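Remarks on the overall topology
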Amino acid sequence: KQWYQAEYGRKIDKLLYIGTGDGKIKIVNISNRKITHEMSHPTDSLRVVSLASNLICTHLVSSATDKEFQACEFVVWDCKTREMIQCLDISPSPSPVTSIHFNHNGNLLVCGALDGMIRVYADYQCIMGWQAHNTPIHTVKFSVDENSVFSYARDGTLSQWRLYPMSQCLCSVTVNEPATKSATFWERLCAGFGREVYVGS
């Protein structure tokens, strides 16, 4: 089956997780480059479209959807026991999750979805969510200080959102068009993080 996503686990475990087109997650031992185990989404007609490894423990979160992007599953796994822990709630209406990212200590999880919403989870319970874009979200990432979230959507818009207070947009810029924004706008986007933001298309 075609491989759709890949994600490294903790360094100590030396594992690579690969999501496939038939809803499976293959566990690869990096040392010998062999597939040692696999886990399967409850619905095998789905394909895995996003993976995120919790680098503090052995948990992995995966998202899967069908070819029509109608059905969706958002699942937490224990990669040590290779068992599903729980299915995460996607409210108010289920939408395929397209991007997942843990914060540095693994207690917060942010995801972007096909419906343009950003959702934040604490201990795998959804604690906030907002309509961030009018088009599907391709990527979400916590900022370096983890007080905000960056999101990049299909329409080429890159936005930064403050988490507290929830969903306050700090800045937004279209990055797949000729550079028309001033340098100060980009400085605002990166201010306080000590690094640049890179977007590939």
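Above this text you will find the structure in question.
The structure reproduced in this document is the subject of the present report. Along every chain, residues carry numbers that run from 1 in the direction the sequence is written. Reporting of local features is limited, given that this is a predicted model, to residues whose pLDDT is at least 70; pairs of side-chain atoms are given and counted only at 80 or more, and all residues count toward the totals for whole chains, interfaces and linings. With hydrogens and water stripped out, all remaining heavy atoms of the structure feed into the side-chain values.

Observations concerning the overall build of the protein chain
Put simply, DSSP H or I for four residues or longer makes a helix, DSSP E for two residues or longer makes a strand, and each gets a number counted from the N terminus. Helix and strand counts for the protein chain come out as one helix and 16 strands. For each residue, the accessible area found with a 1.4 Å probe, counting protein chains only, is set against the maximum for its type, and the residue is called buried under 20%, exposed over 50%, and partly exposed in between. Here the protein chain holds 201 residues, and 46% of them are scored as buried. Surface accessibility in these figures is a Shrake-Rupley result with a 1.4 Å probe; residues are shielded only by whichever protein chains are displayed. Summed over all atoms, the accessible surface of the protein chain reaches about 10,600 Å², with 50% contributed by carbon and sulfur.

Some words on the packing of aromatic side chains
Pairing of aromatic side chains here covers Phe, Tyr and the six-membered ring of Trp, requires ring centres within 6.5 Å, and sorts the geometry by plane angle: under 30 degrees stacked, over 60 edge-to-face, intermediate tilted. Here the structure, examined in full by the defined rule, presents two aromatic pairs. Taken together, a centroid distance of 5.7 Å and an interplanar angle of 70° make the contact between F74 and Y121 edge-to-face. Taken together, the residues F74 in strand 7 (residues 72-78) and Y121 in strand 11 (residues 117-122) connect sequence positions 47 residues apart. Take F74: its relative accessible area is 1%, and that puts it in the buried class. Note on Y121: relative accessible area 1%, which makes it buried. On the basis of an interplanar angle of 55° and a centroid distance of 6.1 Å, the ring pair of W130 and W161 is categorised as tilted.

Brief notes about the pattern of salt bridges
Whenever a carboxyl oxygen of Asp or Glu lies within 4 Å of a side-chain nitrogen of Lys or Arg, that contact is scored as a salt bridge. Enumeration over the complete set of coordinates arrives at four salt bridges. Between K24 and D22 there is a salt bridge, with its nearest N and O atoms 3.8 Å apart. A salt bridge links E38 to K26, with the nearest nitrogen and oxygen atoms 2.9 Å apart. On the criterion of sequence distance, the pair formed by E38 in strand 4 (residues 34-40) and K26 in strand 3 (residues 24-29) is long-range, its members being 12 residues apart.

Quick look at the nonpolar core
Of all hydrophobic cores here, the largest spans 14 residues; its most connected members are V61, F74, L88, I100, L109 and Y121. Counting only elements with at least two residues in this core, the list comes to strand 7, strand 9 (97-102) and strand 10 (108-113). Whether two residues are in contact is decided by their heavy atoms, any of which lying within 4.5 Å being enough. Not counting residues up to four positions away in its chain, the partners in contact with F74 are V61, S62, S63, Q86, C87, L88, I90, V97, I100, L109, C111 and Y121. In plain words, nonpolar cores are sets of buried Ala, Val, Leu, Ile, Met, Phe, Trp, Tyr and Cys residues tied together by side-chain atoms within 4.5 Å.

Digging into the pairing of strand 12 (residues 125-131)
Strands were regarded as paired on the criterion that DSSP finds at least two bridges between them. Taken together, the six bridges between strand 11 and strand 12 define a ladder with antiparallel strand orientation. Bridging from a neighbouring strand, A122 pairs with Q125 of strand 12.

Digging into the sheet that holds strand 8 (residues 83-87)
Pairing within the open sheet is antiparallel, and its four strands lie in the order 5-6-7-8. The open sheet has two edge strands with one neighbour each: strand 5 (47-53) and strand 8. Between one strand axis and the next, the sheet turns by 30° as a mean value, whatever way the strands run. Pairing analysis gives six bridges linking strand 5 to strand 6 (residues 59-65), with the strands arranged antiparallel. Among the inter-strand pairings, V48 is bridged to a residue of strand 6, identified as A64. In this analysis an axis means a line fitted to C-alpha atoms, helices contributing only their contacting stretch, and an angle means the value between N-to-C directions, from 0 to 180 degrees.

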